[in-house]
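# Descriptive structure summary
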Amino acid sequence: MEIESQNQKALHEVIKLVIENCYMQTMGFDVGIPFICGAPGGGKTASLHYLSTLYDFAVISTHLALKPLEETGGIPQFEKIIINNQELLGTIWSFPDIMKKLYELSEQKRDKIVIWLLDDAHLLSPVHMALLYELFTERTLRGYKIPNNCAMVMAGNTSSKSGAKTLFSAIVNRCVLMPVYTDFEGWKNNFALREDVQVHPAIISFLSNHQFRKFFHEEEQVDQAWGSPRSWTRFATEISNREKWYQKTVDSDVCLYLGTGYVGKEAASEFTTYYKIFIEFDMESIIASATDYKLPEDPVKKYALAYALVTYYTSRENKTRITPNLSYLITLFMKEAPELAIMIIKEMKQYETANNKKNIVNNILANIQKIEPNLTKQILQDLVSVS
């Protein structure tokens, strides 16, 4: 089932529309069932689960195509019936197991929404689609009504490489198709920078560089690894854990080998080279001797240092003590690479917003003005504009 991509919107924008639709469903309005469709690994399921923690609603994910039909549709049982004064054996369906789970959650979240996420909908068989027809038309399953505070959402992929099957037109016509793509800035600000996630800073800074952005969400493959938000996040998790376990950085050959398995050979090769540069900076020493420090001449090293400064500063509990020296280093970037100085402030602001922090950027700007009162008006305007 190939869906036109011209109407795609960023996932982090669409997911808000989905939540609003879910409220409408539970209020009894006759609206289409959201079908979030996009490339694999984009974070469709994870985004919905994350919002559930923010809004305190429940999400139950089911992969109908991968479950025994009886789990969703129930089991036929016999009952005695009277037809034309004749006793016959009739059939009734047992209460489906998924309905039991929905009602349990509905009781727990009595005043909240319960979202039933029908995941990997692109793999559904005709038998499963017949059940969806009843669900989407009557809000019943085998005749059993779903809870009033339950809303339904579908998610899946639409390409032939993902194994997508053709959905019944009657199903599609009961949905609101929501084609999505994963925007890098949305992924970074709404996911990667969060303190409860903490994607490895080397990967965030690598993908923040427009030169390497092409690796963020590549065309899906079936015979080799390829870059996606999911594969980069998992690669980052592996790097972070190996650094913690062995108390050292990951060797280049290991980084390349693992990276090739996660995101493909070309992306892994470029990242391994960058990672080697990123980790070579002794940030404590650089901050301590800021007034005597000289920025590296190599543009890639200069970029890596700029992002390393952001990572080091935002990870400190006591930022006040090192703010003057950090601010001095930013003034060096202003003189030699003003675009990187702007980037540092912008990244600080994004971290501040993503984690509900206050005054990080304002404190830095105040120190910069003390150190360099004669900075050009344009540079100051650029710095203030991102704060």
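In this text the structure is predicted, and so the values were computed from the model without any measurement.

### A word on the pairing of strand β6 (residues 114–118)
Burial analysis of β6 places five of its five residues in the buried class, the great majority of the element. The alternating pattern of β6 places V114, W116 and L118 on one face and I115 and L117 on the opposite face, and all of these are buried. Summarising the sheet, strand β3 (residues 58–62) and β6 pair through five bridges and their orientation is parallel. By the bridge assignment, I60 is partnered in β6 with W116. Inspection of the sheet shows β6 paired to strand β9 (residues 150–156) by five bridges, in the parallel sense. The residue bridging W116 from the neighbouring strand is M152, located in β9.

### Quick notes on the sheet that holds β3
Strand order in the open sheet made by the six strands is β1-β10-β2-β9-β6-β3, with parallel pairing throughout. Each end of this open sheet is capped by a strand with a single partner; those strands are β1 (9–10) and β3. Packed onto the sheet, helix α2 (residues 44–55) meets β2 (33–37), β3, β6, β9 and β10 (175–181) and runs at close to 155 degrees relative to β3. Its contacts with the sheet put helix α4 (residues 97–108) on β3, β6 and β9, and the angle it makes with β3 is roughly 170 degrees.

### Some details on the packing of aromatic side chains
Enumeration according to the criterion identifies 18 aromatic pairs in this entry. On the numbers, 6.4 Å between centres and 5 degrees between planes, the contact of F206 with F215 is stacked. For F206, a relative accessible area of 0% corresponds to the buried category. Where W232 meets F271, the ring centres are 6.2 Å apart and the plane angle is 70 degrees; that geometry is what we call edge-to-face. Remark: F271 occurs in helix α11 (residues 265–278) and W232 occurs in helix α9 (residues 229–246); sequence separation between them is 39 residues. Judged on exposure class, the residue W232 and its partner F271 are both buried.

Reading guide: rules and limits
- Residues numbered from 1 in each chain as written.
- Predicted model: local features only at pLDDT ≥ 70, side-chain atom pairs only at ≥ 80, totals over all residues.
- Heavy atoms only, no water.
- Buried < 20%, exposed > 50% of the residue type's maximum accessible area, 1.4 Å probe, protein only.
- Helix = DSSP H or I, 4+ residues; strand = E, 2+ residues; numbered from the N terminus.
- Pairing = 2+ DSSP bridges.
- Contact = heavy atoms within 4.5 Å.
- Axes fitted to C-alpha atoms, helices over the stretch in contact; angles between N-to-C directions.
- Phe/Tyr/Trp six-rings, centres within 6.5 Å; stacked < 30°, edge-to-face > 60°.

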